[in-house]
Amino acid sequence: MERIREHPILGEPEKGKTVKFTFDGKEIEGYEGEPIAVALKAAGVMVHRYTKKEHKPRGIFCAIGRCTDCVMVVDGKPNIRTCVTPLAEGMKVQTQYAVSAKEDHVS
Amino acid sequence: MKRYDLIVVGAGPSGLSAAIEAARQGLSVIVFDENEKPGGQLFKQIHKFFGSKEHKAKIRGYQIGRELLAEADKVGVQVKLNTTVIGMYQDKEITVCIEENVRHYKGDSIIIATGAAENMVTFEGWTLPGVIGAGAAQTLMNLHGVKPGAKILMLGSGNVGLVVSFQLMQCGCEVVALVDAAPTIGGYGVHAAKVARCGVPFYLSHTITKAEGKDHVTGVVISEVDNNFQPIPGTEKHFDVDTICVAVGLSPMSQLLKMAGCKMEDHPRRGGEVPVVDAYGETSISGVFAAGDVSGIEEASSAMIEGRMAGVCAATYLGFCEKEEKEEILSGLSKDLDSLRQGMFAPKNRGKNIDKTEEGIAVSDNLLQKGYIADDEIERYPGVTDKKGIHPVIECSQNIPCNPCQDACSRKCIKIGKKMTSLPSINDEAECSGCGMCVASCSGQAIFLVKEDDEEGYATVTLPYEFLPLPQKGEKGVALSRSGKKCCEAEIVEIRNVPAFDHTSLLTMKVPIDMVKTARFFQASQKGGDRYG
């Protein structure tokens with residue numbers, strides 16, 4: 001989804017420096033310090049994880065760290081709430097299947 | 001274990017206000033907040049607030065947030081961020097999760113100002129990525145500068161649903177429809193009217209029956225509901241959308257108070273399970289207070305007053321503040337709070353069917369059902385009058401505690417009087433200078449300047465405009481009516497934007513004279529799609 005370049009009330013969004021990170025191995029750019037979920041949203045990523053039992057997709061829902069729908073595997077650690085975790089250079093972000101980055105963990 | 005005179009949980013409007021008031025009285029205060037930044041939801045509120053000068057009316061929410069933070073800093077309030085209070089026990093002891101450790105703190109008094117969480121409704125496909133809370137939309141667009149979606153359907157016509165719909169359009173999203181299962185719009189009519197005049201259709205007595213899409217939302221189906229809120233088969237309507245935004249109310253986050261053993265009650269008008277509190281927020285445990293949405297869902301303006309009350313009471317409880325001083329402060333704050341709890345939308349009127357204003361004028365059915373006042377209803381209201389020369393037309397039709405327009409006019413053209421909820425009326429004696437301060441000061445964007453004798457056959461209408469791109473002088477387009485329908489050709493003859501307007505631009509458009517009471521919004525011609533046709 002598109003970033004807002006200029007806002008009638010808020011002006012231009014204040015952002016940190018551009019950093020590179022990977023999403024499922026693909027290199028993406030985002031701004032340092034913004035939530036990982038925001039960088040993913042700006043890159044058009046909608047699905048953050050698939051549920052364990054029914055393999056249903058989940059993405060951003062509350063965006064304030066409450067609902068845990070947006071959790072992903074970040075730098076090898078599962079269940080990271082991407083909507084409240086700041087983005088850093090070189091982060092490895094992966095779609096989460098159940099509690100793993102490997103798709104075969106969902107059955 | 002660290003010990004403080006006062007521990008405040010939550011650094012939103014009420015928590016910060018409580019901490020400021022207590023710190024002023026000399027208490028050592030610490031505020032814990034689980035978020036990365038303080039201010040609660042204030043920094044997502046980009047509209048001008050309602051109320052009076054004392055309630056920071058016509059100031060935008062984020063600006064109020066900045067002022068609160070500066071004040072907290074000045075009086076030495078310590079705010080600990082990224083810290084989640086996870087427990088509250090006997091003798092005012094709390095456990096706090098900091099990074100991956102759990103630490104214990106003790107307060108001689110505690111104020112819980114944890115706010116509220118969004119409610120949700122379920123429908124087929126509601127877990128699909130692309131179905132988001134209205135709060136999530138505000139967070140994404142107003143804090144992080146990313147559009148929540150391209151084409152969005154909003155469910156919920158309370159103030160959150162209305163305000164967020166407008167904000168979505170301000171950042172460049174398209175809102176395809178606003179839907180509510182209730183038969184009438186829940187939020188302020190003026191908020192609905194500014195969404196409706198942009199062309200957004202309202203579907204009352206409708207609900208979402210299905211979110212479509214495999215991996216994420218690609219469409220939505222809504223259906224009309226019967227008197228029991230059950231979808232009526234055969235009434236389905238489909239919209240292509242990528243995002244569904246849900247704004248169906250808030251529930252107090254009162255778990256900590258319950259855990260500590262405070263007496264609780266189920267109070268539907270306050271939004272759910274809330275602590276039993278006295279007039280100043282003290283719970284059944286002395287020295288433990290609740291302030292803001294956690295003790296009943298209201299507005300940020302009242303949350304700030306409740307916070308100040310709890311802060312003063314905590315100070316008195318610990319002997320920092322003399323009884324007389326406390327009573328003096330509390331009586332002033334009580335008066336302020338009471339003045340905010342008046343009018344049609346007052347907590348005591350929730351769920352009541354009000355069909356007349358305080359002045360005895362019939363409320364607009366069209367406003368409640370479609371989001372705009374119909375042409376044959378508009379002239380009932382005292383702010384809508386005819387006059388020679390330039391003059392304000394105030395399309396304010398509900399009793400809301402709000403009066404900045406009265407003070408905005410230096411020539412005293414606008415009368416509300418002492419009672420803040422009264423509808424504004426026009427003072428025939430005074431002469432309008434056309435300065436536009438009233439237009440920019442109206443938090444509901446309900447004031448227009450009209451000049452009927454501008455040039456033979458034409459009139460001008462000046463309207464508040466908070467969108468980009470800003471039209472240019474001389475630009476031609478179409479004027480939209482209150483209902484958002486194209487009503488005539490229009491040409492921009494003036495654009496004003498001064499610091500005193502606080503980011504609200506004033507567009508003056510020239511329209512045929514017979515459209516002077518109808519034309520209320522401008523749409524540049526190059527953008528005019530069939531939505532406005």
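Residues numbered from 1 in each chain as written. Chains lettered and ligands numbered in written order. Predicted model: local features only at pLDDT ≥ 70, side-chain atom pairs only at ≥ 80, totals over all residues. Heavy atoms only, no water.

## Some thoughts on the overall build of chain A
- Scanning chain A for helices and strands turns up one helix and eight strands.
- Sequence-ordered secondary structure for chain A, helices as α and strands as β, is β-β-α-β-β-β-β-β-β.
- For 107 residues, the compact-globule formula gives about 13 Å, and the C-alpha radius of gyration of chain A, at 14 Å, lands near that figure.
- Each principal axis of the C-alpha distribution contributes one length, and for chain A these read about 45 × 25 × 20 Å.
- Taking all 107 residues of chain A together, the buried fraction comes to 50%.
- Once local pairs closer than 6 in sequence are excluded, the contacts in chain A between residues at least 24 apart make up 42%.
- Accessible surface computed for chain A: about 5400 Å², of which carbon and sulfur atoms make up 46%.
- Between the mean site of the 17 positive side-chain charges and the mean site of the 15 negative ones, chain A shows a separation of 8 Å. (Helix = DSSP H or I, 4+ residues; strand = E, 2+ residues; numbered from the N terminus. Rg over C-alpha atoms; globule rule 2.2 N^0.38 Å. Buried < 20%, exposed > 50% of the residue type's maximum accessible area, 1.4 Å probe, protein only. Contact = heavy atoms within 4.5 Å. Areas by Shrake-Rupley, 256 points an atom, 1.4 Å probe, with all protein chains shown as cover. Lys, Arg positive; Asp, Glu negative; His and termini not counted. Charge placed at Lys NZ, Arg CZ, Asp CG, Glu CD.)

## Some details on the overall build of chain B
- Of the regular secondary structure elements, chain B holds 11 helices and 28 strands.
- In terms of overall size, chain B behaves like a compact globule, its C-alpha atoms giving a radius of gyration of 24 Å where 533 residues would be expected to give roughly 24 Å.
- Seen through its principal axes, chain B has C-alpha atoms that stretch 80 × 60 × 40 Å.
- Of all 533 residues assigned to chain B, the portion counted as buried reaches 58%.
- A fraction of 62% describes how many contacts in chain B between residues 6 or more apart in sequence connect residues 24 or more apart.
- Within the structure as shown, chain B displays about 21700 Å² of accessible surface, and the carbon and sulfur contribution to it stands at 48%.
- Across chain B, the 57 positively charged side chains and the 68 negatively charged ones have centroids separated by 2 Å.

## A short note on the pairing of strand E6 (residues 77-81) of chain A
Residue and element names in this part refer to chain A.
- Relative to E6, strand E5 (residues 71-74) runs antiparallel, the two sharing three bridges. Bridge pairing in E6 links Met72 to Ile80.
- Count of turn residues in the E5/E6 antiparallel hairpin: two residues, of which Asp75 carries a positive phi of about 50 degrees. (Pairing = 2+ DSSP bridges.)

## Side note on the confidence of the model for chain B
All names here are of chain B.
- With 98% of its residues at a pLDDT of 70 or more, chain B has an overall mean of 95.
- In the model, residues 528-533 has pLDDT below 50 throughout and makes 12 contacts with residues more than four positions away in sequence or in other chains.
- We note a pTM of 0.96 for the whole complex and an ipTM of 0.97 for its interfaces. (pLDDT = per-residue confidence, 0-100.)

## Notes on the state of the cysteines
- Evaluated as defined, the whole model comprises zero disulfides over all chains.
- No disulfide involves Cys83 of chain A; its sulfur sits 3.8 Å from the nearest other cysteine sulfur, which is in Cys70 of chain A.
- On the accessibility criterion, Cys83 of chain A (7% relative accessible area) is buried.
- Residue Cys487 of chain B stays outside any disulfide, its sulfur separated by 4.0 Å from that of Cys488 of chain B, the closest cysteine. (Disulfide = S-S within 2.5 Å.)

## A closer look at the nonpolar core
Residue and element names in this part refer to chain B.
- Counting residues in each nonpolar core, the largest one holds 90 residues, and the members touching the most others are Leu168, Met169, Phe202, Met509 and Val511.
- Apart from the residues lying within four places of it in its own chain, the contact partners of Val511 are Gly457, Tyr458, Ala459, Val461, Ala479, Cys488, Glu489, Ala490, Val516 and Ala519.
- If you look at the next biggest cluster of nonpolar residues, it comprises 35 residues, including Leu42, Ile64, Ala310 and Ala315. (Core = buried A, V, L, I, M, F, W, Y, C linked by side-chain atoms within 4.5 Å.)

## Quick look at the sheet that holds E5 of chain A
All names here are of chain A.
- Overall, mixed pairing links the five strands, which are arranged E2-E1-E7-E5-E6 in an open sheet. At either end of the open sheet lies a strand with only one pairing partner, and these are strand E2 (26-31) and E6. Averaged over neighbouring strand pairs, the angle between their axes works out to 40 degrees when direction is ignored. (Axes fitted to C-alpha atoms, helices over the stretch in contact; angles between N-to-C directions.)

## Looking at the pattern of salt bridges
- Taken as a whole and assessed by the stated rule, the structure comprises 30 salt bridges over all chains.
- Close ionic contact of Lys147 of chain B with Glu2 of chain A constitutes a salt bridge, the shortest N to O distance being 3.2 Å. Linking Lys147 of chain B in the loop between helix H3 (134-143) and strand E9 (151-155) with Glu2 of chain A in the segment before strand E1 (18-23), this pair reaches from one chain into another.
- For Lys517 of chain B, the salt bridge goes to Asp386 of chain B, with nearest N and O atoms at 3.2 Å. You can see Lys517 of chain B sitting in the loop between strand E27 (505-512) and strand E28 (521-524) and its partner Asp386 of chain B sitting in the loop between helix H9 (365-370) and strand E20 (390-394), a full 131 residues away along the chain.
- Given the relative accessible area of 32%, Lys517 of chain B is considered partly exposed. (Salt bridge = Lys/Arg side-chain N within 4 Å of Asp/Glu carboxyl O.)

## Some points on the interface of chain B and chain A
- Facing the 41 residues of chain B at the interface are 30 residues of chain A.
- Regarding the contact of chain B and chain A, the summed buried area is about 3000 Å², with carbon and sulfur atoms giving 64% of it.
- Remark: the boundary between chain B and chain A carries three salt bridges.
- Linking chain B to chain A there are 10 residue pairs in polar contact (both at pLDDT 80 or more).
- Among the elements that line the side of chain B that touches chain A, the one with the most residues is H3 of chain B, at six residues.
- Across the side of chain B that touches chain A, the residue classes tally to 19 nonpolar, 12 polar and 10 charged. (Buried area = accessible area lost by both parts, 1.4 Å probe. Polar contact = N/O pair within 3.5 Å; in protein donor to acceptor, adjacent residues only side chain to side chain. Nonpolar A, V, L, I, M, F, W, Y, C, P; charged D, E, K, R; others polar.)

## Observations regarding the sheet that holds strand E15 (residues 243-246) of chain B
Residue and element names in this part refer to chain B.
- The five strands lie next to each other as E8-E15-E9-E10-E11, forming an open sheet whose pairing is parallel. In this open sheet, the two strands that pair with only one neighbour each are strand E8 (131-133) and strand E11 (202-204). Shown here is a sheet whose adjacent strand axes are inclined to one another by a mean of 20 degrees, direction ignored.
- Here three bridges tie strand E10 (residues 174-180) to E11, and the two strands are oriented parallel to one another. Within the sheet, the bridge partner assigned to Asp180 lies in E11 and is Leu204.
- Where H3 meets the sheet, it contacts E8 and E15, and its direction lies at approximately 85 degrees from that of E8.
- Those strands touched by helix H4 (residues 159-170) are E9, E10 and E11, and its axis lies near 170 degrees from that of E10.

## Notes on the packing of helix H7 (residues 300-317) of chain B against helix H8 (residues 323-340) of chain B
Residue and element names in this part refer to chain B.
- Close contact between H7 and H8 brings their axes to 10 Å; oriented N to C, the two are set at 165 degrees. Between H7 and H8, the angle falls in the class roughly antiparallel. Crossing hand, H7 versus H8: left-handed. Residues Ser301, Ser302, Ile305, Glu306, Arg308, Met309, Val312, Cys313 and Thr316 of H7 lie in contact with H8, whose contacting residues are Lys326, Ile329, Leu330, Leu333, Ser334, Asp336, Leu337 and Leu340.
- In terms of residue class, the contact of H7 with H8 is made up of nine nonpolar, four polar and four charged. (Parallel < 35°, antiparallel > 145°, perpendicular 65-115°, else oblique. Left-handed = near helix turned anticlockwise from the far one by under 90°.)

## Some remarks on unusual backbone geometry
Residue and element names in this part refer to chain B.
- A cis amide bond links Leu468 to the next residue, Pro469, at an omega of -5 degrees.
- Checked against the element boundaries, Pro469 lands in the loop between strand E24 (458-465) and strand E25 (476-480).
- Phi is positive for Asp91, close to 55 degrees, though the residue is something other than glycine.
- Following the sequence through the fold, Asp91 ends up in the loop between strand E4 (83-89) and strand E5 (93-98).
- One non-glycine residue, Lys412, lies in positive phi territory at about 60 degrees.
- Turning to its location among the elements, Lys412 is positioned in the loop between helix H10 (404-408) and strand E21 (414-415).

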